[in-house]
Amino acid sequence: MSTLIQPAPMGAPASAAPPPGDAFLRFENVSKVYPTATGPYTVLDGIDMAVNQGEFMCVIGHSGCGKSTLLNMVSGFATPTEGQVILHGNRITKPGPDRMVVFQGYALLPWFTAYENVYLAVDSVKPDLPEREKKEITREHLAMVGLTEAAEKKILQLSGGMKQRVAIARALAIRPEVLILDEPFGALDAITKEELQEELLTIWNTQKCTVLMITHDIDEALFLADRLVMMTNGPAAKIGEIMDIKFPRPRNREEIMEDPLYYDLRNQALDFLYSRFAHDDTAD
Amino acid sequence: MVPTSPRRPGVASNPLEWLTRSSGTWLPPLLGTGGFLLLWQILSSAGVIALPAPSSLFTEERTRTLILYPFYDRGGLDKGLFWQTMASLSRVAQGYTLAALVGIAVGITIGLKPTINRAFDPLFQFLRMVAPLAWVPIALVLFQKNQPAAIFVIFITAIWPILINTAEGVRQIPQDYRNVALVLQMSSRRFFTKVLIPSALPYIFTGLRISIGLAWLAIIAAEIVMPGTLGIGFFIWDAYQQNYVGEIVLGVIWIGAIGLVLDRLMAWLQTRISPGQ
């Protein structure tokens, strides 16, 4: 897998990253500029950030602030115009299964069953595993998200929540080092959303992969994340603030919400999003 | 008749009742077709049109024989309609299969490679506008013989909808599916069988269905200008030469019926192979 990631060039500005050198995943002075008909458009400008291995990071910000672009540079679907993103000391240049994505629209193949979708991923990434083991991994991960019963159903027969479960099972079945989720629960009803948040946390606790997740929901971020990255408004968005969320794990939703710290953090995030960086609709 | 169970709408307890209830479905087409035949009968009996009346297909001996004995074989070209049709259909099958193979292969290639598409698209757009009949002389010059020339005419007529729809189907593969393939680093073979073909299949079938009709149209055109060929097309031409107008009418009705059956067959196949997409 790592053969697809090129080593970082020598003399890269390592000092630009806050904890220099050895962080698991680093953004080093990353900018993204898109050429448009009316001239270059800067989406992200000078992003420096370090993510530790096994950390759960949420990214929040108003639409158009480049959250997706930021994560796409980790998954490899976008490359920085300036600077670089480094994983394990290697520069990320293209997509790979070590950085699996749970896509916004699930991106499941509708002509396959839930089982076949997960199996296809396992079989693509680890073709040399014995057949029995690949089947076992597939079943195990479907069971993890509670889909043993629905495994043989076609994707079209599944509800939104179940589709998202399949997408998560597929992503985790290939044992990625980084799991990238782009607003995974945005389209789900409140109850399903809470269920899935809890399932995601449980699985993350057992697998300990690094998670990067875009959300629009402050409560979701406070429940899930170790740190919350708050982005300033685009164009030329930057990281405005990174908030530490130090609730003990495993977390319990009720207990967290009774903690006075919860409201401090919540107000801090609200203040950032709706006072200091309120979305100015007239600016577009 | 005592119904013992509560009746559900649409489920009738006897055939007669079912007929009455579903009359909205079968009555209009019956009246339309019947009315058309009746008008034709009246007009030709009154001598307004020179075509023989529909009833004459059964009263005249030549056409009655053709209707009643589709399997007769007196050697040479003097064969029943079944054999004429089979000869035409076998040409269609050959030309159409070739068109499907080449059309799908080239369609996938130009769907995946925009540069190749840009290189050949003007040529394809131009060639597909050439009528089947115009290909006949070219085909005869190219192949010198009737049989391969006829197959070529089918091929060149039927290939364009297959090719263009396949290419469109490949272009329409959602970016999400491509991204999944990219992040999983699927081999091209796996991408082809697990993503590309299933995703483009509805488009490919649309092309195949349009083409089967065109192929059938083309074979008639091709056979008409290829004298001495066993087939429903030349059968009509031969009848015209010898002034058997009833046979022409019968041949045309036969052609329409076969074309309809082919189209329905493809539609049925389409629902079987790519359901629910």
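Please read all numbers here as calculations on a predicted model, not as lab measurements.

Q: Even after reading the chapter, I still don't get the interface of chain B and chain A, so can you show me in this structure?
A: You'll often see interface size given as the accessible area lost when the parts meet. Residue-level contacts link 16 residues of chain B with 24 residues of chain A. Interface of chain B and chain A: buried area, both sides summed, is about 1700 Å²; carbon and sulfur atoms make up 70% of it. Of all residues in chain B, the largest losses of buried area upon contact with chain A belong to Val183, Leu184 and Gln185 of chain B, amounting jointly to 35% of the total for that side. Applying the counting criterion to the chain B and chain A interface returns one salt bridge. Here Asp123 of chain A and Arg190 of chain B are joined by a salt bridge, their closest N and O atoms 2.8 Å apart. Summed over the shared surface of chain B and chain A, the number is four residue pairs in polar contact (both at pLDDT 80 or more). Going through the elements one at a time, helix H9 (175-183) and helix H10 (188-224) of chain B are the ones with two or more residues in the side of chain B that touches chain A. With six residues, H9 of chain B is the single largest residue contributor to the side of chain B that touches chain A.

Q: Sorry, what's going on with the pattern of salt bridges here?
A: Where side chains of opposite charge bring their charged atoms close, a pairing between them can arise. Overall, the coordinates contain 21 salt bridges over all chains when judged by the stated rule. Between Glu195 of chain A and Arg165 of chain A there is a salt bridge, with the nearest N and O atoms lying 3.2 Å from each other. One end of the pair, Glu195 of chain A, is in helix H5 (residues 190-207); the other, Arg165 of chain A, is in helix H4 (residues 160-173), with 30 residues separating them in the sequence. The class of Arg165 of chain A is buried, set by a relative accessible area of 11%. Between Asp263 of chain B and Arg209 of chain B there is a salt bridge, and its shortest N-O distance comes to 3.1 Å. In this pair, Asp263 of chain B is assigned in helix H12 (residues 245-273) and Arg209 of chain B in helix H10, connecting sequence segments 54 residues apart. What emerges from the salt-bridge pattern is a single network uniting Asp123 and Lys134 of chain A together with Arg190 of chain B.

Q: Looking at this model, I keep getting lost on the side chain of Ser75 of chain A. Mind explaining?
A: Residue and element names in this part refer to chain A. Along the chain, Ser75 falls in helix H1 (residues 67-75). Accessibility expressed as a relative area gives 1% for Ser75, which makes it buried. Those residues within four positions of Ser75 in sequence are excluded, and the remaining contacts are Lys94, Pro95, Gly96, Arg99, Val101 and Ile180.

Q: Sorry, what's going on with unusual backbone geometry here?
A: Of all residues except glycine, most have a negative phi; of all peptide bonds, most are trans. In this chain, Arg249 of chain A is followed by Pro250 of chain A through a cis amide linkage whose omega measures -5 degrees. Along the polypeptide, Pro250 of chain A turns up in the loop between strand S11 (239-244) and helix H7 (253-258). The phi torsion at Glu183 of chain A lies on the positive side, around 45 degrees, for a residue other than glycine. Residue placement: Glu183 of chain A occurs in the loop between strand S8 (178-182) and H5. Unusually for a residue other than glycine, Gln144 of chain B sits at a positive phi of about 70 degrees. Note that Gln144 of chain B resides in the loop between helix H7 (132-143) and helix H8 (146-171).

Q: Whenever I open this one, the packing of aromatic side chains confuses me. Can you help?
A: Any two aromatic rings considered together are summarised by their centre-to-centre distance and by the angle between their planes. Applying the stated criterion across every chain, the model contains 17 aromatic pairs over all chains. Ring centres of Trp111 of chain A and Tyr177 of chain B lie 5.5 Å apart, and the angle between their planes is 85 degrees; on these two criteria the pair is classed as edge-to-face. A residue pair is termed interchain when its members come from two chains, as with Trp111 of chain A in the loop between strand S7 (99-102) and helix H2 (114-125) and Tyr177 of chain B in helix H9. Exposure remark for Tyr177 of chain B: the relative accessible area of 13% places this residue in the buried category. Aromatic pair Phe82 of chain B and Trp83 of chain B: ring centres 4.9 Å apart, planes at 80 degrees, arrangement edge-to-face. On the basis of relative accessibility, which here comes to 29%, the residue Phe82 of chain B falls in the partly exposed class. Trp83 of chain B gets classed as partly exposed once you look at its relative accessible area, which sits at 34%.

Conventions used here
- Residues numbered from 1 in each chain as written.
- Chains lettered and ligands numbered in written order.
- Predicted model: local features only at pLDDT ≥ 70, side-chain atom pairs only at ≥ 80, totals over all residues.
- Heavy atoms only, no water.
- Contact = heavy atoms within 4.5 Å.
- Buried area = accessible area lost by both parts, 1.4 Å probe.
- Salt bridge = Lys/Arg side-chain N within 4 Å of Asp/Glu carboxyl O.
- Polar contact = N/O pair within 3.5 Å; in protein donor to acceptor, adjacent residues only side chain to side chain.
- Helix = DSSP H or I, 4+ residues; strand = E, 2+ residues; numbered from the N terminus.
- Buried < 20%, exposed > 50% of the residue type's maximum accessible area, 1.4 Å probe, protein only.
- Phe/Tyr/Trp six-rings, centres within 6.5 Å; stacked < 30°, edge-to-face > 60°.

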